[in-house]
Amino acid sequence: AHLRRETHAKRHLPTPLPDTTQRSMTQRSTTAALFLQRAMAARPAATSAAAAARRFAISAARPSFSRYMCTTSPSPKTILQPKAAEVGKNSGKPAEIKHDMVHFRATPNQHPLDIKKMSDSTPEEIAKYGHRGVPHPIWTTEEVNSVVQTHVEPSGYADKFALACVKSARWGFDTFSLYRFGKISKKKVLNRAIFLETVAGVPGMTAGMLRHLKSLRSMNHDHGWIHTLLEEAENERMHLLTFIQLKQPDLYFRTCVLIAQGVFMNAFFVAYLISPSFCHRFVGYLEEEAVHTYESILDHIDNGELKEFGREPAPTIAIDYWRMAPDATMRDLFLAVRADEANHRDVNHTFASLPADAEVSHFFDHSGKPIRKEGAQQVA
């Protein structure tokens, strides 16, 4: 059969083709041959005579096909090469983790507290960082250094109960984790931060999911709450993904997280069905404690036992996410995280003071009162 095929091919040689057409046919024939070879290699070895005959026919046809139909050798450019590692954005180093997380200040969604988005550039910011589309820090130096600890006084039994729950949870964790005993250390800080973020990422996702389901049932708009809550959950998860670059929790730690998440998520789910206002007040107080925690860590970095830890380089994933300088340190990271937590604190205290059907595309202060903006009508 092989000899007959070659004889037939010699008698019916095709007319020479242009170089470009020949190169295209070469690439296609090479790809087809590789495809057939890989397909046959992937199949189990056959023992039948028919399978053996097919393999012989393919091996016999390949040299004849390449000899008379292809006048040029396969181009080495058609061989697929492994893709080189991409460089992390703004970091100057290969990205350690590829993520699709976007900071809530970099999204186009309206913020309920009138927090300025990165696209709302001032002339000074344009001169310093460039026009929109050119990355600049999520938080400016003035913003991260102007964060202050605030506290909303409880105004009723529900608020007092929410505050008591948060204080009890903090005391229990500080006691059983031994955080409140002995000197502060890098290990204690990372354990505290990792466990805190595994809890802080639950309320936003749970509340956003419930409001999403309610919007589906009522077949009505959600008035902007869902985006804000989901952005909060993603931001908290990003904190966690950053801190685990510095410490991998052991099996005991992961078991504690599993138990805490199971209990807290179900309890928060039921509580949000009963009283969303109570839940947002609870999260507001929880974020107050988070701000207090990171404030204490920064104080130990500046004046205490964590000076060396504060000088360590920040993980690449943090530099990419918060768009910090390539030489950013852990102190810079804690400043950015503290600013995030302060924002979540104010947002949840605001939501706790609003009716469930309030339009959060308008702007409110922390007590839930509308903010009068120039050129806009007062919100009723």
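Residues numbered from 1 in each chain as written. Predicted model: local features only at pLDDT ≥ 70, side-chain atom pairs only at ≥ 80, totals over all residues. Heavy atoms only, no water.

(A) Broad picture of unusual backbone geometry. At methionine 219, a position not held by glycine, the phi torsion is positive, near 55°. Relative accessible area serves as the criterion here: at 77%, methionine 219 is assigned to the exposed category. With a phi close to 55°, arginine 323 is a non-glycine residue in the positive phi region. Take arginine 323: it is sitting in the loop between helix 12 (316-322) and helix 13 (330-352). Residue arginine 323 is classed as partly exposed on the basis of its relative accessible area of 27%. (Buried < 20%, exposed > 50% of the residue type's maximum accessible area, 1.4 Å probe, protein only. Helix = DSSP H or I, 4+ residues; strand = E, 2+ residues; numbered from the N terminus.)

(B) Structural view of helix 6 (residues 157-176). The terminal C-alpha atoms of helix 6 lie 28 Å apart, and with 20 residues this matches the ideal 28 Å at 1.5 Å per residue to within 8%. Every buried residue belonging to helix 6 is among Asp159, Ala162, Leu163, Val166, Arg170, Gly172, Phe173, Asp174 and Thr175, and all of these are buried. Backbone geometry just after helix 6 places leucine 178 at a positive phi near 65°. (Expected span 1.5 Å × (residues − 1).)

(C) Broad picture of helix 7 (residues 186-218). Compared with an ideal rise of 1.5 Å per residue, which puts 33 residues at 48 Å, helix 7 spans 49 Å between its outermost C-alpha atoms and is within 8% of the ideal. Just past helix 7, the residue methionine 219 takes up positive phi, approximately 55°.

(D) A look at the layout of surface pockets. Empty space within the largest pocket amounts to approximately 950 Å³. If you go around the largest pocket, you meet 29 residues; those closest to its centre are Ala169, Phe173, Ser177, Phe195 and Ala260. When residues of the lining of the largest pocket are traced back to their parent elements, those giving at least two are helix 6, helix 7, helix 9 (251-274) and helix 10 (276-303). For the lining of the largest pocket, a count of residues per class yields 18 nonpolar, four polar and seven charged. (1 Å grid on protein atoms, 1.4 Å probe; cavity = no way out; pocket = protein on both sides within 12 Å on 5 of 7 lines; lining within 4 Å. Points joined across faces, edges and corners; volume = space filled by probe spheres on them. Nonpolar A, V, L, I, M, F, W, Y, C, P; charged D, E, K, R; others polar.)

(E) Region of the structure containing the packing of helix 7 against helix 10. With their axes 11 Å apart at the nearest point, helix 7 and helix 10 run at an angle of 160° to one another. As the angle between them shows, helix 7 and helix 10 are arranged roughly antiparallel. Handedness of the helix 7/helix 10 crossing: left-handed. Side by side, helix 7 and helix 10 meet where Val189, Arg192, Ala193, Leu196, Glu197, Ala200 and Pro203 of the first sit next to Val283, Glu287, Ala290, Thr293, Tyr294 and Ile297 of the second. Looking at the contact of helix 7 with helix 10 residue by residue, the class counts come to nine nonpolar, one polar and three charged. (Axes fitted to C-alpha atoms, helices over the stretch in contact; angles between N-to-C directions. Parallel < 35°, antiparallel > 145°, perpendicular 65-115°, else oblique. Left-handed = near helix turned anticlockwise from the far one by under 90°. Contact = heavy atoms within 4.5 Å.)

(F) Seen up close, the nonpolar core. Counting 42 residues, the largest nonpolar core has Phe243, Tyr294, Ile297, Trp322, Leu333 and Phe334 as its most contacted members. At eight residues, helix 13 tops the list of elements feeding residues into this core. Leucine 333 has contacts with Thr242, Phe243, Ala314, Pro315, Ala318, Trp322 and Met324, leaving out every residue within four places of it along the chain. Leu229, Phe264, Phe278 and Val347 belong to the second-largest nonpolar core, a separate cluster that totals 21 residues. (Core = buried A, V, L, I, M, F, W, Y, C linked by side-chain atoms within 4.5 Å.)

(G) Fine view of the pattern of salt bridges. Using the criterion set out here, one finds eleven salt bridges in the structure. What emerges from the salt-bridge pattern is a single network uniting Lys167, Arg170, Asp174, Arg192 and Glu289. (Salt bridge = Lys/Arg side-chain N within 4 Å of Asp/Glu carboxyl O.)

(H) The confidence of the model for the chain, seen in detail. Confidence in the prediction for the chain averages 74 pLDDT; 57% of positions are at 70 or higher. Confidence drops under a pLDDT of 50 for residues 60-99, and excluding neighbours within four residues, the segment shows 56 contacts in the predicted structure. (pLDDT = per-residue confidence, 0-100.)

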